[in-house]
Amino acid sequence: EMTSSLVGSEMCIRDRARSMLSIPVSERKWLLERLKQLPKTSYSNIDWNSIATYKPGYPRTGLELRLCYEQMREKIHDFKGRSTAEIIDSLLEQIN
């Protein structure tokens, strides 16, 4: 029973990740600009739920925003060797 619930939750996360590919560019740009406004911090310290509640009536959860950012970040060459600020700047350049 425990195994089937884990598989279900993993499937839910996978499906959410896929849906992040369809987030409009304007929302992705808003997310990146919002991240850029945060104090310089490491990726692990970003409060995604706080970002999701920043915009009243925003339909995304913190998890969805994190997944969206992770998918965008994957497109940056050698992202693991870069700071969050560098990644955000690179992504914003690509969008603009």
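Residues numbered from 1 in each chain as written. Predicted model: local features only at pLDDT ≥ 70, side-chain atom pairs only at ≥ 80, totals over all residues. Heavy atoms only, no water.

A closer look at the overall build of the protein chain
1) Next: A tally of helices and strands in the protein chain yields five helices and zero strands.
2) Next: Tracing the protein chain from N to C terminus, the helices and strands come up as α-α-α-α-α.
3) Next: Nonlocal contacts in the protein chain, meaning residues at least 24 apart in sequence, comprise 57% of its contacts between residues at least 6 apart.
4) Next: Per element, the accessible surface of the protein chain, about 6300 Å² overall, is 52% carbon and sulfur. (Helix = DSSP H or I, 4+ residues; strand = E, 2+ residues; numbered from the N terminus. Contact = heavy atoms within 4.5 Å. Areas by Shrake-Rupley, 256 points an atom, 1.4 Å probe, with all protein chains shown as cover.)

Side note on the pattern of salt bridges
1) Next: The full count for this structure, using the stated rule, is three salt bridges.
2) Next: The salt bridge involving Glu-70 is made with Arg-66; its shortest N-O contact spans 3.0 Å. Taken together, the positions of Glu-70 and Arg-66, both in helix H4 (residues 62-73) and four residues apart, correspond to about one turn of that helix.
3) Next: Overall, Glu-70 belongs to the buried group, its relative accessible area being 18%. (Salt bridge = Lys/Arg side-chain N within 4 Å of Asp/Glu carboxyl O. Buried < 20%, exposed > 50% of the residue type's maximum accessible area, 1.4 Å probe, protein only.)

What to know about the packing of helix H2 (residues 25-37) against helix H5 (residues 84-95)
1) Next: H5 packs onto H2 with a crossing angle of 150° between their chain directions and a minimal axis gap of 10 Å. The orientation of H2 with respect to H5, classified from their angle, is roughly antiparallel. Crossing of H2 over H5 shows left-handed handedness. Two secondary-structure elements touch here, H2 through Val-25, Arg-28, Lys-29, Leu-32, Glu-33, Leu-35 and Lys-36 and H5 through Ile-88, Asp-89, Leu-91, Leu-92 and Ile-95.
2) Next: Here the contact of H2 with H5 is composed, by residue class, of seven nonpolar, no polar and five charged. (Axes fitted to C-alpha atoms, helices over the stretch in contact; angles between N-to-C directions. Parallel < 35°, antiparallel > 145°, perpendicular 65-115°, else oblique. Left-handed = near helix turned anticlockwise from the far one by under 90°. Nonpolar A, V, L, I, M, F, W, Y, C, P; charged D, E, K, R; others polar.)

So, the environment of Thr-84
1) Next: The residue Thr-84 is located in helix H5 in this model.
2) Next: With a relative accessible area of 14%, Thr-84 lands in the buried category.
3) Next: Taking the C-alpha atoms as reference points, Thr-84 and Arg-73, eleven residues apart in sequence, are found 9.2 Å from one another.

Quick notes on the packing of aromatic side chains
1) Next: Tallying each qualifying case throughout the model produces two aromatic pairs.
2) Next: With 5.7 Å between their ring centres and 35° between their planes, Trp-48 and Tyr-69 make a pair best called tilted. Of the two residues, Trp-48 is situated in helix H3 (residues 48-54) and Tyr-69 in helix H4; the sequence distance between them amounts to 21 residues.
3) Next: The positively charged end of Arg-34 is found above the aromatic ring belonging to Tyr-54, 3.5 Å away from the centroid. (Phe/Tyr/Trp six-rings, centres within 6.5 Å; stacked < 30°, edge-to-face > 60°. Lys NZ or Arg CZ within 6 Å of the ring centre and 35° of its normal.)

Remarks on the environment of Arg-28
1) Next: By the secondary structure assignment, Arg-28 is in helix H2.
2) Next: With 63 residues separating them along the chain, Arg-28 and Leu-91 place their C-alpha atoms 9.4 Å apart.

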